Amino acid sequence: MARMPSAERRRQLVEAAIRAMTRDGVARTTTRSICAEAEVSLSVFHYCFDSKQALLEAAIESITDTYVVHVMSAVEPRATLRETVRSALGTYWNHVTAHPAEHMLTYELTQYALREEGFEHLARAQYEQYVASGTVLIEQVCAVCEVEPKVPVNLLAHLLAAMIDGLTLQYLVLGDERTATALLDATAEQLVTLIGG
């Protein structure tokens, strides 16, 4: 096996864990199956992570960070605040429709963490990360559009996380793209109103 920096090995294991859990489900994914997916020995896993819990936490962070990078890349000044907000939400939504199984995994990770003793804090960390990401997004939108939000950014971030969470789950269950698009438009309108556009 080629020698590799531990940070690179961790990344390799996290990506393998996401692929394995997306395919097989969280409960059926073991450290052994993750190592097999990554084509590394079990000793490599134990060198990089203290536990499966630590790996799941890294996987949640990686998935959320991927969404944030995609959305942030779309935050640029448009003709109006509404167009700027809708474009950013659209970038996230394109990821949902292109990778529904990965988004389904996020809900499964939440439920798994809430039901497994000792893992509960992972669900909290996951949703705290959603709110933190929403905060950064709203602050960036306000900065590029040069507006001061009428509502506290933290409240807007919680609202955004709740709306997107519900919208994504509804789409994964119903698969209704037309309704999802209309709801995404409505979400953008609500955010613009609350931001102050």
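Up top you'll find the structure we're talking about.
**Student:** Now, about helix α1 (residues 6–24): what can you tell me, with residues and values included?
**Tutor:** Its 19 residues place the ends of α1 26 Å apart at the C-alpha level, agreeing with the 27 Å of an ideal helix rising 1.5 Å per residue. Of all the residues in α1, the buried ones are Arg9, Gln12, Leu13, Val14, Ala16, Ala17, Ile18, Ala20 and Met21. Against α2 (31–38), α3 (42–48), α4 (52–72) and α6 (100–115) lie the buried residues of α1. Once α1 ends, the next one or two residues include glycine 25, with phi positive near 95°.

**Student:** Before we move on, can you summarise the packing of aromatic side chains with the specific residues and values?
**Tutor:** The full count for this structure, using the stated rule, is five aromatic pairs. Centre to centre, the rings of tyrosine 112 and phenylalanine 119 are 5.7 Å apart; their planes meet at 85°, and the pair counts as edge-to-face. The residues tyrosine 112 and phenylalanine 119 share a single accessibility class, namely buried. A ring pair is formed by tyrosine 127 and tyrosine 130, whose centres lie 4.9 Å apart and whose planes are at 65°; its orientation type is edge-to-face. Linking tyrosine 127 with tyrosine 130, this pair stays in helix α7 (residues 120–145), spanning three residues, or about one helical turn. Here tyrosine 130 falls in the buried class, since its relative accessible area comes to 17%. Taken together through their ring pairs, the aromatic side chains of Tyr92, Trp93 and Tyr171 make up a single cluster.

**Student:** Hey, could you go over unusual backbone geometry for me, with residue numbers and the actual values?
**Tutor:** Residues other than glycine seldom take positive phi values, yet glutamate 39 does so here, at roughly 60°. Mapping glutamate 39 onto the fold places it in the loop between α2 and α3. Unusually for a residue other than glycine, glutamate 146 sits at a positive phi of about 55°. Turning to its location among the elements, glutamate 146 is positioned in the loop between α7 and α8 (153–174). With relative accessibility at 74%, the residue glutamate 146 sits in the exposed group.

**Student:** Tell me about the packing of α7 against α8, residues and numbers included.
**Tutor:** Running from amino to carboxyl end, α7 crosses α8 at an angle of 115°, the nearest separation of the two axes being 8 Å. By crossing handedness, the relation of α7 to α8 is classed as right-handed. In this structure, α7 contributes Tyr127, Tyr130, Val131, Gly134, Thr135, Leu137, Ile138 and Glu139 to the contact, and α8 contributes Val153, Asn154, Leu156, Ala157, His158, Leu160, Ala161 and Asp165. The residue inventory of the contact of α7 with α8, partitioned by class, reads 10 nonpolar, four polar and two charged.

**Student:** Explain the packing of helix α5 (residues 81–98) against helix α9 (residues 177–195) residue by residue, including any values.
**Tutor:** Where α5 meets α9, the axes come as close as 9 Å, and the angle between the chain directions of the two elements is 135°. Relative to α9, α5 is oriented oblique. For the element pair α5 and α9, the recorded crossing hand is right-handed. Along its contact with α5, which presents Leu81, Arg82, Val85, Arg86, Leu89, Gly90 and Trp93, the element α9 presents Ala180, Thr181, Leu184, Asp185, Thr187, Ala188, Glu189, Leu191, Val192 and Ile195. A class-by-class count of the residues in the contact of α5 with α9 yields 10 nonpolar, three polar and four charged.

Cut-offs applied
- Starting from 1, residues in each chain are numbered consecutively following that chain's sequence as written.
- Per-residue local features are limited, in this predicted model, to residues with pLDDT of at least 70; the limit for side-chain atom pairs, both in listing and counting, is 80 or more; totals at the level of whole chains, interfaces and linings are taken over all residues.
- Each side-chain value is derived from all of the structure's non-hydrogen atoms; neither hydrogens nor water enter the calculation.
- We count a stretch as a helix when DSSP gives it H or I for four or more residues in a row; a strand needs E for two or more, and each element gets its number in order from the N terminus.
- How far a helix is expected to stretch is found by multiplying one less than its residue total by 1.5 Å.
- Under the scheme applied here, a residue whose accessible area is under 20% of the maximum for its type counts as buried, over 50% as exposed, and between as partly exposed, the area being computed with a 1.4 Å probe on protein chains only.
- What makes two residues a contact is simply this: any of their non-hydrogen atoms within 4.5 Å.
- Under the pairing criterion, centres of Phe, Tyr and Trp rings, with the six-membered ring standing for Trp, must be within 6.5 Å; the plane angle then separates stacked pairs below 30 degrees from edge-to-face pairs above 60, leaving the rest tilted.
- Orientation is described by lines fitted to C-alpha atoms, with helices fitted over the stretch in contact, and by angles between N-to-C directions that extend from 0 to 180 degrees.
- Handedness of a crossing follows from how the near helix is turned relative to the far one, being left-handed for an anticlockwise turn of less than a right angle and right-handed for a clockwise one.
- Three classes are used: nonpolar for Ala, Val, Leu, Ile, Met, Phe, Trp, Tyr, Cys and Pro, charged for Asp, Glu, Lys and Arg, and polar for all others, with Gly counted as polar.
- Small angles under 35 degrees read as roughly parallel and large ones over 145 as roughly antiparallel, with 65 to 115 read as roughly perpendicular and the rest as oblique.

So far we have only geometry, and geometry alone does not tell us how the molecule works.
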